[in-house]
Amino acid sequence: MSDVYKKQIGGSHYQSMVIQPSEFINKNNLPFAEGNAIKYLCRHKQKGQKQDLEKAIHYCQMAIDRDYPEEEIKQKSNSWGIIK
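All values reported here derive from a predicted model rather than from experimental measurement.

Asker: An account of the environment of Ala56 is needed here, citing residue identities and associated values.
Answerer: Within the secondary structure, Ala56 is located in helix 3 (residues 49-67). The buried category is assigned to Ala56, whose relative accessible area is 2%. On a C-alpha basis, the gap between Ala56 and His44 in space is 9.3 Å, while along the polypeptide they are 12 residues apart. Among all residues touching Ala56, those that are not within four sequence positions of it are Ala37, Tyr40 and Leu41.

As structure tokens, this is what we get:
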């Protein structure tokens, strides 16, 4: 196994984790939005705090928009099916 996941460039906020988010993301073949959400959730206390949590939410919203766009349209329509 390569030591690539033991290395971090630009900080040390992932070094204390048992598994780095990038290793988890790559080994599970997660899409971009989900991977970034995980990354920001994992590091928020060590690095970006509230802003990292807001970024994680934003990436979750991107995944919802990408995978479930029709549900958003349904929510915006009234009982007659007219989109607001």
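What follows picks up the thread again.
Asker: If you had to explain the pattern of salt bridges to someone new, which residues and values would you point to?
Answerer: Taken as a whole and assessed by the stated rule, the structure comprises 4 salt bridges. Of the charged contacts in the structure, one is a salt bridge between Glu23 and Lys27, with a shortest N-O distance of 2.7 Å. In this pair, Glu23 and Lys27 both sit in helix 1 (residues 21-27), 4 residues apart, roughly one turn of the helix. Accessibility expressed as a relative area gives 11% for Glu23, which makes it buried. As a salt-bridge pair, Asp52 and Arg43 come within 2.7 Å of each other at their nearest N and O atoms.

Asker: Residue-level account of unusual backbone geometry, with values.
Answerer: A positive phi angle, close to 50 degrees, is found at Asn29, a residue other than glycine. Within the secondary structure layout, Asn29 lies in the loop between helix 1 and helix 2 (32-43). Using a relative accessible area of 67% as the deciding quantity, one classes Asn29 as exposed.

So, how was this worked out
Residues numbered from 1 in each chain as written. Predicted model: local features only at pLDDT ≥ 70, side-chain atom pairs only at ≥ 80, totals over all residues. Heavy atoms only, no water. Helix = DSSP H or I, 4+ residues; strand = E, 2+ residues; numbered from the N terminus. Buried < 20%, exposed > 50% of the residue type's maximum accessible area, 1.4 Å probe, protein only. Contact = heavy atoms within 4.5 Å. Salt bridge = Lys/Arg side-chain N within 4 Å of Asp/Glu carboxyl O.

Read these as layout, nothing more, since geometry by itself doesn't imply function.
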